[in-house]
Structures are given as C-alpha cells and as structure tokens.
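Coordinate analysis (summary)
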Amino acid sequence: MVMFATLTFRRRFVIAATLFCSTLLTMPAIAVDTGAAPDVKLPTRDGRISLSELRGKVVLLDFWASWCGPCRQSFPWMNEMQARYESQGFEVVAVNVDQNPEAAAAFLSEVPATFTVAFDPEGKTPEAYEVMGMPSAYLIDRNGHIHSQHIGFHNGQKETYEASIRSLLRSGS
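Structural notes, computed from the coordinates. Owing to the predicted nature of the structure, the values given are computational and were not obtained by experimental measurement.

Let's shift gears to the overall build of the protein. Looking only at helices and strands, the protein features 5 helices and 8 strands. Within the protein, the fraction of its 173 residues that count as buried is 45%. Partitioning the intrachain contacts of the protein with sequence separation of at least 6 by distance along the chain shows that 72% fall at a separation of at least 24. Summing over all exposed atoms, the protein offers an accessible surface of approximately 9,500 Å²; the carbon and sulfur share of this is 57%.

In structure tokens:
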C-alpha cells in the first residue's frame, strides 16, 4: 500500500513538474524594468568580466549549463548576434553554472562560443537574477538596466529576440 501511494505521488509530481517546465520553456520574452541589473564579476577563459565595465553597450546576459538541450541551440544564434552587432555596441556574456568545469569544457568543445563565457559554479549570479530555467537570457540596455528577459530558447522566436536587440541598439539607451 505504501509503495502504491509513493508511485502515485511520484507520477503526480512528475506530471506537475513536466507541465511547469513546459510552461517555462514556452514563455515569450518578458518586458521588465527592474532598474539596474545586478553586477556580474566572474572569471572567464581569458581573465575576468564585470557587467559594470560594459556600460555603454547593449548586453545579452545568458545563463546556461552543459546539460541544457536548448543551450545547444542558442549558442550558434548568440555567435551570430555577436558577429552581426558587435560593431554597434552589442556584447554577449554567457554565464555557465555547472559545478563541474570539465562538463562546461566538453560542451564548449562541441558547441564553441565566439562571445565571452563566464563561470559561476557557486550559482550566486543566477540567484541574484532569480533565474528560473535554462537557458535564461536578460537583455540589458546601455545604461545597465534590464530591458527584457526570456526563459528557454525557441528557434521560432529568434526574430523577436533579434528585434529587441536592434531596438535597444537604435534607441541609444
């Protein structure tokens, strides 16, 4: 009887978790105005990055993990956006949250990044941004304010994501 109750509970939990996650993964970009974005001061492959040092640029701050399937789809797109808009003051910073550095390295050997990759194995930065799923991206304006965010990555939304980038690059703020 206890075994049956446990299996029933597990099934209900799995169904609820699946519905919750699928809802998160289908959320469109959410426009927000939360004031200044929390600063990021993290190690990178080539040194350190500080979000406050990027003031004056439009920044796509992306949180990712090696086990995240949609992250494999978002990296080529972020490479493309970095190449296309870098000369206009656009910067991609992707924060890896893996606790195992080898997992991140293996991911990056399969899916290379031409943008800045930072590492936060302790998870303090995603906590500051209240990240709810992987990947999560925050579009930050030239003044360091969060303009919008999206959870997950959807190929069908790439034009919308890019339109937001172009809009901020044109606005000057």
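Right, let's get into the state of the cysteines. Counting across every chain of the model gives 1 disulfide. There is a disulfide in this structure between Cys68 and Cys71, and the S-S distance comes to 2.4 Å. Residues Cys68 and Cys71 share a disulfide whose torsion about the S-S bond is about 85 degrees; that sign makes it right-handed. On the basis of relative accessibility, which here comes to 0%, the residue Cys71 falls in the buried class.

Below, the discussion takes up the side chain of Gln82. Topologically, Gln82 is positioned in helix H2 (residues 69-85). Non-local contacts of Gln82, meaning those with residues more than four positions away in its chain, are made with Phe90, Glu91, Val92, Thr114 and Phe115.

This part takes up the pairing of strand E2 (residues 41-44). As paired elements, E2 and strand E3 (residues 47-50) share 4 bridges and run antiparallel to each other. Along E3, the bridge assignment pairs Pro43 with Arg48. Connecting the antiparallel pair E2 and E3 is a turn made up of 2 residues.

This paragraph deals with the packing of aromatic side chains. Enumeration over the complete set of coordinates arrives at 11 aromatic pairs. Taking 6.4 Å as the distance between ring centres and 85 degrees as the angle between the ring planes, the aromatic pair formed by Tyr85 and Phe90 counts as edge-to-face. The exposure class of Tyr85 is buried, given its relative accessible area of 5%. Residue classification places Phe90 among the buried residues on the basis of a relative accessible area of 0%.

An α-helix turns once per 3.6 residues; consequently, residues spaced three or four apart project the same way. Here helix H5 (residues 158-171) spans 20 Å end to end across 14 residues, near enough to the 20 Å set by a 1.5 Å rise per residue. Every buried residue belonging to H5 is among Tyr161, Glu162, Ser164, Ile165, Leu168 and Leu169, and all of these are buried. What you see down the axis of H5 is that its buried residues fit within an arc of 150 degrees, all on one side. Every exposed residue of H5 that faces more than 90 degrees away from the buried side is listed here: Glu159 and Arg170.

A word on H2. The terminal C-alpha atoms of H2, which comprises 17 residues, lie 25 Å apart, in line with the 24 Å expected from a rise of 1.5 Å per residue. For H2, the principal kink sits at Phe75 and spans about 25 degrees; a proline, Pro76, occurs within the next four residues. Every buried residue belonging to H2 is among Cys71, Ser74, Phe75, Trp77, Met78, Asn79, Met81, Gln82 and Tyr85, and all of these are buried. Residues of H2 that are buried sit in contact with strand E4 (58-64), strand E5 (90-96), helix H3 (101-110) and H5.

Within the secondary structure, Asp120 is located in the loop between strand E6 (116-119) and helix H4 (124-128). Considered as a pair, Asp120 and Leu42 are 78 residues apart in the sequence and their alpha carbons are 6.7 Å apart. Ignoring sequence-local partners within four residues, the contact set of Asp120 consists of Leu42, Val95, Asn96, Val97, Thr125 and Pro126.

So, on to unusual backbone geometry. Of note, the bond from Met134 into Pro135 is cis; its omega dihedral lies within 30 degrees of zero at -15 degrees. Its location among the elements puts Pro135 in the loop between H4 and strand E7 (136-140). A positive phi is found at Glu130, a non-glycine position, where the angle reads about 55 degrees. As for its position among the elements, Glu130 is in the loop between H4 and E7.

Cut-offs applied
- Residues numbered from 1 in each chain as written.
- Predicted model: local features only at pLDDT ≥ 70, side-chain atom pairs only at ≥ 80, totals over all residues.
- Heavy atoms only, no water.
- Helix = DSSP H or I, 4+ residues; strand = E, 2+ residues; numbered from the N terminus.
- Buried < 20%, exposed > 50% of the residue type's maximum accessible area, 1.4 Å probe, protein only.
- Contact = heavy atoms within 4.5 Å.
- Areas by Shrake-Rupley, 256 points an atom, 1.4 Å probe, with all protein chains shown as cover.
- Disulfide = S-S within 2.5 Å.
- Pairing = 2+ DSSP bridges.
- Phe/Tyr/Trp six-rings, centres within 6.5 Å; stacked < 30°, edge-to-face > 60°.
- Expected span 1.5 Å × (residues − 1).
- Arc of directions from axis to C-beta.
- Bend = angle between axes of the 7 residues up to and from the residue.

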